[in-house]
Amino acid sequence: MAQQLRPTPAGLLEAFRAYEQALMSNDLEALDRLFAPGPATLRGDANGLLVGHDAISRFRGARGGAPRRTIVQTHVQVIDDDHALIVAVTELGRGGRGLQTQLWARSEVGEWQVTAAQVSVPPPAYDGRVWRLVGDPLVPATTDDGPLSGETVAVKDLYAVAGQRVGAGNPEWLRHAQPEPAHAAAVARLLDAGATIRGIARTDEFAYSLAGLNAHYGAPPNPKAPYRIPGGSSNGSASAVSLGHASVGLGTDTGGSIRVPAAYQGLYGIRTTHGAVDRSGLLPLAPSFDTVGWLTRSAFLLQAVGDVLLPEPDAAATTGSTRVVTVPALLGLAESDVAAAVRDASPADAASEDWPLEDLLGERSTWLSAFQTWQAYEAWQAHGEWLATRLDTLGADVRGRFERARDTSEEVAQQAKATVDEARDRIRELVGDRILALPSAASVAPLPAHAQAARDATMRLTCLAGLGGLPAVSVPARTLRGLPAGLCLVAAPGRDRDLLAYAVDLAERSSRPA
């Protein structure tokens, strides 16, 4: 039986053309009017699915307009007098063709509105938000038969890669940089273990951020929490792993730059004991806190990389206990959904202990303040001479931090250093031979507008391992809303391998049938 074609309902194509005009002129009011109100309206693209009119409206308001395009074909499939599907072929201003599929419905007052939309465009061959340089591979392994053979590495743009420049997330720094004569120590060891370098990944400027919102190159996507920030400063390395572009993300962690993107993107990540992994060939931020770290999609690979980069275990050393403790006051620093996710991800036999953390939790937060002040002072010592006449080359948030660093006096810095030393001793005493379980970040990945508030809350948690010079492993957790969070495991200096083994044990337990 031949299918009877229905005539296009009156007003539908006029509404479709009005939508396209509003999209190209970024008329937010008209776009809001042409999308159906309510929580069931959908918009999807390669980054993810937006659910509800309000979420779609917020997305449009924040993106600054849609890419230029032209409609080259339009096909209408009428469902009934009040519903129709429109599929449009688009030609993009940057080249290539895309596809837009919209389900339109006539409202009770007779207006046509979109109830669901799907937009597809050709993926870029090279995503400059994630990578500064990428190859296939960029640097081959030095052996075909190593423990990491077959693994690919995204190297944070702070590490020396022989023959390449270090960009540090800043175009002006990159312009003045010279090709590196040799690989950084960590890069060389990964290559010698059989891994290949997939490319050099983006970072926040000089690693002085936790957001991943590079003012020059944009924010890498967060595929596990679409439209939310990726976390920084190891943002490119994290997104490359999360997107499947690389299996290992080599990064750094000074104030949380491994743990935060790991939590935001549902990855495994480790900040190593301060000084445990050779930092030769790594551009510093604050040497008292800078550590080598890495991210993976599995606990097993996280441990395998540790077997390559960490020092050989001391046969005479005794392994610490696997007694896990939680501190209610630290859980209380996280938003309720994250705290609940961390409790659920923690081992069932974890003990709860009240720790005297007034210097962190009190109104003055002297530990966090000292951490930030000494970090700033060291950052200016490392880069102040070069930045003194180039602060205008920095994005606003990083520039503000370096301006405060520039204005930190020697006297104030030394007072902060004394507090840092006292805090380090006290934190190590509190941790002892336990494994401390706490949130890796205070919230799920926030929307870009809320990044600063999230940073301030999260640093109260992340500064503990930084002050103590302690190893910390972030294990994926998930909130009831389905968003990624992180369970952070912290132990005494040198217990990196214990933490990696414990993370593997947790992963194996979670994969067993109930």
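Report on the accompanying structure. (Residues numbered from 1 in each chain as written. Predicted model: local features only at pLDDT ≥ 70, side-chain atom pairs only at ≥ 80, totals over all residues. Heavy atoms only, no water.)

1. Things to note about the overall build of the protein
Here's step 1: Helix and strand counts for the protein come out as 16 helices and 17 strands.
Here's step 2: For a compact globule of 514 residues, the expected C-alpha radius of gyration is about 24 Å, and the protein comes in at 25 Å, within 12% of that figure.
Here's step 3: With the C-alpha coordinates aligned to their principal axes, the bounding extent of the protein is approximately 85 × 50 × 50 Å.
Here's step 4: Sorting the 514 residues of the protein into buried and exposed places 54% on the buried side.
Here's step 5: Carbon and sulfur atoms form 51% of the exposed surface of the protein, whose accessible area is close to 22,100 Å².
Here's step 6: Distance between charge centroids for the protein: 4 Å, based on 47 positive and 57 negative side chains. (Helix = DSSP H or I, 4+ residues; strand = E, 2+ residues; numbered from the N terminus. Rg over C-alpha atoms; globule rule 2.2 N^0.38 Å. Buried < 20%, exposed > 50% of the residue type's maximum accessible area, 1.4 Å probe, protein only. Areas by Shrake-Rupley, 256 points an atom, 1.4 Å probe, with all protein chains shown as cover. Lys, Arg positive; Asp, Glu negative; His and termini not counted. Charge placed at Lys NZ, Arg CZ, Asp CG, Glu CD.)

2. Digging into the side chain of Ser-346
Here's step 1: When you line up the elements, Ser-346 lands in the loop between helix H10 (336-345) and strand S14 (351-352).
Here's step 2: Side-chain polar atoms of Ser-346 contact the backbone oxygen of Val-342, separated by 2.7 Å.
Here's step 3: Ignoring any residue separated from it by four or fewer positions in sequence, one finds Ser-346 in contact with Thr-326, Ala-437 and Leu-487. (Polar contact = N/O pair within 3.5 Å; in protein donor to acceptor, adjacent residues only side chain to side chain. Contact = heavy atoms within 4.5 Å.)

3. Considering the pairing of strand S5 (residues 97-106)
Taken residue by residue, a regular strand's side chains alternate between the two faces of the sheet.
Here's step 1: Pairing of strand S4 (residues 83-92) with S5 involves nine bridges; the strand directions are antiparallel. Bridging from a neighbouring strand, Glu-91 pairs with Arg-97 of S5.
Here's step 2: Here S4 folds back onto S5 in antiparallel fashion, the turn holding four residues, of which Gly-95 has a positive phi close to 105°.
Here's step 3: As paired elements, S5 and strand S6 (residues 112-120) share eight bridges and run antiparallel to each other. Each residue of the ladder has a partner; that of Leu-99, found in S6, is Ser-120.
Here's step 4: Following S5, the chain reverses through five residues before pairing antiparallel with S6; Gly-110 in that reversal takes a positive phi of roughly 90°. (Pairing = 2+ DSSP bridges.)

4. Some points on helix H15 (residues 451-468)
Here's step 1: The end-to-end C-alpha distance of H15 is 26 Å, a good match for the 26 Å that 18 residues give at a rise of 1.5 Å each.
Here's step 2: By the criterion of burial, H15 is predominantly enclosed, with 13 of the 18 residues buried.
Here's step 3: Downstream of H15 by a residue or two, Gly-469 has a phi angle that is positive, lying close to 65°. (Expected span 1.5 Å × (residues − 1).)

5. Re the nonpolar core
Here's step 1: One finds Leu-250, Leu-330 and Phe-402 to be the most contacted residues of the largest nonpolar core, which totals 120 residues.
Here's step 2: Counting residues per element, this core draws most heavily on helix H12 (residues 366-387), at 11 residues.
Here's step 3: Within the second largest apolar cluster, 24 residues are counted, among which are Met-24, Leu-34, Ala-66 and Tyr-227. (Core = buried A, V, L, I, M, F, W, Y, C linked by side-chain atoms within 4.5 Å.)

6. Things to note about the environment of Val-420
Here's step 1: Positionally, Val-420 belongs in helix H14 (residues 410-431).
Here's step 2: As for Val-420 and Ala-238, which are separated by 182 residues in sequence, their C-alpha atoms are 29 Å apart.
Here's step 3: Excluding residues that lie within four positions of it along the chain, Val-420 makes contacts with Phe-289, Ala-370, Phe-371, Trp-374 and Leu-467.

Interpretation in functional terms is not warranted from these geometric data alone.
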